[in-house]
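Residues per chain, in single letters:
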Amino acid sequence: MIDRDRLGALLRRERAAFAGRNPRSAAEYARAGDLFGRVPMTWMNKTAAGFPLYLAQARGAGVTDVDGHEYADFCLGDTAAMAGHSPEPVVAAVRERFETLGGACAMLPTADAAWVGAELTRRFGVPRWSFALTATDANRWAIRLLRAVTGRPKILFNSYCYHGSVDESLIVATPDGPRARAGNVGAPVDVTVTSRVAEFNDLDGLERELAHGDVAAVVMEPALTNIGIVLPRPGYLAGVRALTKRYGTYLVNDETHTFSAGPGGATGLWGLEPDVVTIGKAIGGGIPAAAYGLSDEITQKLAGMGDLDLVDMGGVGGTLAGNALSIAATRATLEHVLTNAAHAEMSEKSRQFAADVQAVITEFQLPWSVTGLGARVEYRFASPAPATGTESAEAADGELDDYFHVYLANRGILLTPFHNMALMSPATTYEQVARHAEVFRGAVEELTGPSGPS
C-alpha cells in the first residue's frame, strides 16, 4: 500500500521545486490572460505542476523550455511528433513546397496525394483514401458516410475509447446503462440518441448492441490507448469482425494512436480487415494531417447515391483538407521517417523501456503493471493490467500520476500529461531510455523507502 501522507508530502515538494526552477514559464503563463484558460488550447492545462512548461526549441526526441532546461521527450506531442520533432526529410519537403515551389492552400491537388494514398493502401489494406487535418474530422466524415450508406442512425463505440472530440463517441457503459461521459461539453443531443456502447474485450455485450439492427458502424481502436493501453484478448478482434459482418455493420479501425504498433498500425501488425481506417497526428511528421480510407464496397455504394453532396456543403470535407503542404509533409514522413526499419527500432526501444520499468516494479514488489504496443509503453497502478475501458478508468490514481509526472519533469523527462505513457521516435536513444529507468527508480524508492521526503 502507498503511504498517502508520504505521497502528498513528496508531491508538494516536487511542485515547489517545479515552480522554483521554471520562473520564465510561470511568467509566460501569468501574462497570458487574453487566452481562454491562459493557454492556446484548454487541454494544455492538464499539468501536474500547476502551470505548463513553455516551449523554446525541439529537435528529435528532445525539447528545451524557456528556462533553458532540456528534456528527454517521451510525450512527443501525444503521438503528433512520433516521427520526432522537425525530422529533416519533413523539414526539407515543407521548405520545398512552401518556400521554393510556393503555395499551401491553392485548392488544387498535387501529385504527392496519389503517392500517399497508394502508400496508405499498402500499409493498411483499404484502397480509397481522402484527407483531413485531424483524426477527429476523419472520424466525423467517415461516420457521416457510413450513416449515408447504411441508412442506420447509430454508431457503436467502446466505453472510454478515444476518437478526438467526436460527439457520438462520448458515451460510456455503467451498471445503470449507457450515459454521456462525465464532463461532456454542450452535447447537441443526448449521446444515447446517436450512439451505442460496449466494453472492449466483451463480445457478448457487443452482440447485444448490434442485435438492435440500427448500428451503421463500430468505430474502435484495435487497442484502447487514451484511457491507458488496454490490449485485446486472444480472439477478440476476430470476433468483432465476425459480428459486424453478421449484423451488416461496418467496422472502422481508428489507428491514430495504435499507429505505434507498426508501419501499418495494429491493422497491419495483426492482419485485421476493417472496412474503414482513420488516422491522424503522426502521419504529417508534426504538420497537421489526417486521412480516412474506405473499402471498394463503400465507395461504390457512395458513387451510386446521386443525392449526396460530396463536393460542396453536404457535411464532408474542409477547405484546408488535403492541402499541398500537409500532403508534402505526409509523403516525406511515410517515405523517409516512419519506415518499416524505424518502427522496428522504435519497438525495440519500447521493449527496453518496459523491461526497465518492470524490473523496478518487481524489485519493490508493487501491484503495478506495464503494457506495450509497439513504440508505445505505459505503466499502470494496477495488476493485472485492466481489460476494459471501465476497469482502466477505475484504476486511475490522479495523485500518483501527478507525482511521477512532476518528479520526472524536474529531472529532465517528459511523459504524456494525460497518463503515464511513453512513446519512442526514430530519434529516441537508449541513453534516454536508461535515464528514465534511473529517475523512475528514484521516484519509487522515495515513495516506498523507510524515511520521509527530504
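The rules we used
- Residues numbered from 1 in each chain as written.
- Predicted model: local features only at pLDDT ≥ 70, side-chain atom pairs only at ≥ 80, totals over all residues.
- Heavy atoms only, no water.
- Salt bridge = Lys/Arg side-chain N within 4 Å of Asp/Glu carboxyl O.
- Helix = DSSP H or I, 4+ residues; strand = E, 2+ residues; numbered from the N terminus.
- Buried < 20%, exposed > 50% of the residue type's maximum accessible area, 1.4 Å probe, protein only.
- Pairing = 2+ DSSP bridges.
- Polar contact = N/O pair within 3.5 Å; in protein donor to acceptor, adjacent residues only side chain to side chain.
- Contact = heavy atoms within 4.5 Å.
- Axes fitted to C-alpha atoms, helices over the stretch in contact; angles between N-to-C directions.
- Core = buried A, V, L, I, M, F, W, Y, C linked by side-chain atoms within 4.5 Å.
- Parallel < 35°, antiparallel > 145°, perpendicular 65-115°, else oblique.
- Left-handed = near helix turned anticlockwise from the far one by under 90°.
- Phe/Tyr/Trp six-rings, centres within 6.5 Å; stacked < 30°, edge-to-face > 60°.
- Patch = residues over 30% accessible without salt bridge, like charges linked within 9 Å, V, L, I, M, F, W, Y side chains within 5 Å.
- Areas by Shrake-Rupley, 256 points an atom, 1.4 Å probe, with all protein chains shown as cover.
- Nonpolar A, V, L, I, M, F, W, Y, C, P; charged D, E, K, R; others polar.

Trainee: Before we move on, can you summarise the pattern of salt bridges with the specific residues and values?
Mentor: Throughout the structure, instances matching the rule amount to 26 salt bridges. Here R435 and E438 are joined by a salt bridge, their closest N and O atoms 3.3 Å apart. Pair noted here: R435 and E438 are both in helix α15 (residues 430–448), with a separation of three residues, about one helical turn. For R435, a relative accessible area of 33% gives the class partly exposed. Judged by its relative accessible area of 52%, E438 is exposed. For E445, the salt bridge is made with R441, and the minimal N-O distance between the two is 3.4 Å. One end of the pair is E445 and the other is R441, both in helix α15 and four residues apart, which spans about a single turn. Classification of R441 by relative accessible area gives partly exposed; the value is 29%. Through salt bridges that share partners, R13, E14, R411 and E446 make up one connected network.

Trainee: Tell me about the pairing of strand β1 (residues 55–59), and name the residues and values.
Mentor: Taken together, the four bridges between β1 and strand β2 (residues 62–65) define a ladder with antiparallel strand orientation. What sits directly across from A58, in β2, is V63. If you look at the hairpin formed by β1 and β2, you'll find two residues sitting between the two strands, and G60 has a positive phi there, around 60°.

Trainee: Break down the side chain of S392 for me, with residues and values.
Mentor: With respect to the helices and strands, S392 occurs in helix α13 (residues 389–394). Reaching out from S392, the side chain makes a polar contact with the backbone oxygen of I227 at a distance of 2.5 Å. Setting aside chain neighbours within four positions, we find S392 in contact with I227, G228, V230, R380 and P386.

Trainee: Let's hear about the sheet that holds strand β13 (residues 369–373): which residues, and what values?
Mentor: Sheet strands associate in pairs through backbone hydrogen bonding, adopting either a parallel or an antiparallel arrangement. Judged by pairing direction, the sheet is antiparallel, and its three strands sit side by side in the order β13-β14-β16 without closing on themselves. Of all strands in the sheet, those with a lone pairing partner are β13 and β16 (421–423), marking the two edges. Across the sheet, the mean angle from the axis of one strand to that of its neighbour is 15°, orientation sign disregarded. For strand β14 (residues 376–380) and β16, the ladder comprises three bridges, and the chain directions are antiparallel. Note on β16: the bridge partner recorded for V377 is A422. This element, helix α12 (residues 340–363), spans β13, β14 and β16 of the sheet and lies at about 15° to β14.

Trainee: Describe the nonpolar core, listing the residues and the values that go with them.
Mentor: Judged by nonpolar contacts, the single largest core of 79 residues is most densely connected at W368 and F404. When sequence neighbours within four positions are dropped, the list of residues in contact with F404 reads W368, F381, N420, F440, A443, V444 and L447.

Trainee: So what about the packing of helix α14 (residues 398–409) against α15? Which residues, and what values?
Mentor: The contact between α14 and α15 brings their axes to 10 Å, and the two run at 130°. In terms of orientation, α14 and α15 fall into the oblique class. The handedness of the crossing between α14 and α15 is right-handed. Within the contact between the two elements, α14 uses L400, Y403, F404, Y407 and L408 and α15 uses H436, V439, F440, G442, A443, V444, E446 and L447.

Trainee: Report on the side chain of S295, specifying residues and quantitative values.
Mentor: Mapped onto the secondary structure, S295 falls in the loop between β12 (290–294) and α10 (296–303). Of the polar contacts made by the side chain of S295, one reaches the backbone nitrogen of I298; its length is 3.2 Å. Once residues lying within four places of it in the same chain are set aside, the contact partners of S295 are V126, P127 and D275.

Trainee: Tell me about the packing of aromatic side chains, and name the residues and values.
Mentor: Applying the stated rule across the entire model yields 13 aromatic pairs. On the basis of an interplanar angle of 25° and a centroid distance of 5.8 Å, the ring pair of F381 and F404 is categorised as stacked. Taken together, the residues span a long stretch of sequence, with F381 in the loop between β14 and α13 and F404 in helix α14 at a distance of 23 residues. Classification of F381 as buried rests on a relative accessible area of 14%. Feature note: the residues W368, Y379, F381, Y403, F404, Y407 and F440 constitute an aromatic cluster, connected by ring pairs.

Trainee: Can you explain a nonpolar patch on the surface? Please cite residues and give values.
Mentor: Taken together, M41, W43 and F418 make up a surface patch of nonpolar side chains, about 310 Å² in accessible area. Residue position: F418 is located in the loop between β15 (413–414) and β16. On the basis of relative accessibility, which here comes to 32%, the residue F418 falls in the partly exposed class.

Trainee: Explain the packing of helix α7 (residues 203–210) against helix α8 (residues 236–246) to me, and be specific about the residues and the numbers.
Mentor: Two elements in contact, α7 and α8, have axes separated by 10 Å at closest approach and are oriented at 15°. The orientation of α7 with respect to α8, classified from their angle, is roughly parallel. For the element pair α7 and α8, the recorded crossing hand is right-handed. Judged by residue contacts, L203, L206, E207 and L210 of α7 engage Y236, G239, V240, L243, T244 and R246 from α8. When grouped by side-chain class, the residues that make up the contact of α7 with α8 number six nonpolar, two polar and two charged.

Keep in mind that these numbers describe shape and distance, not what the molecule does.
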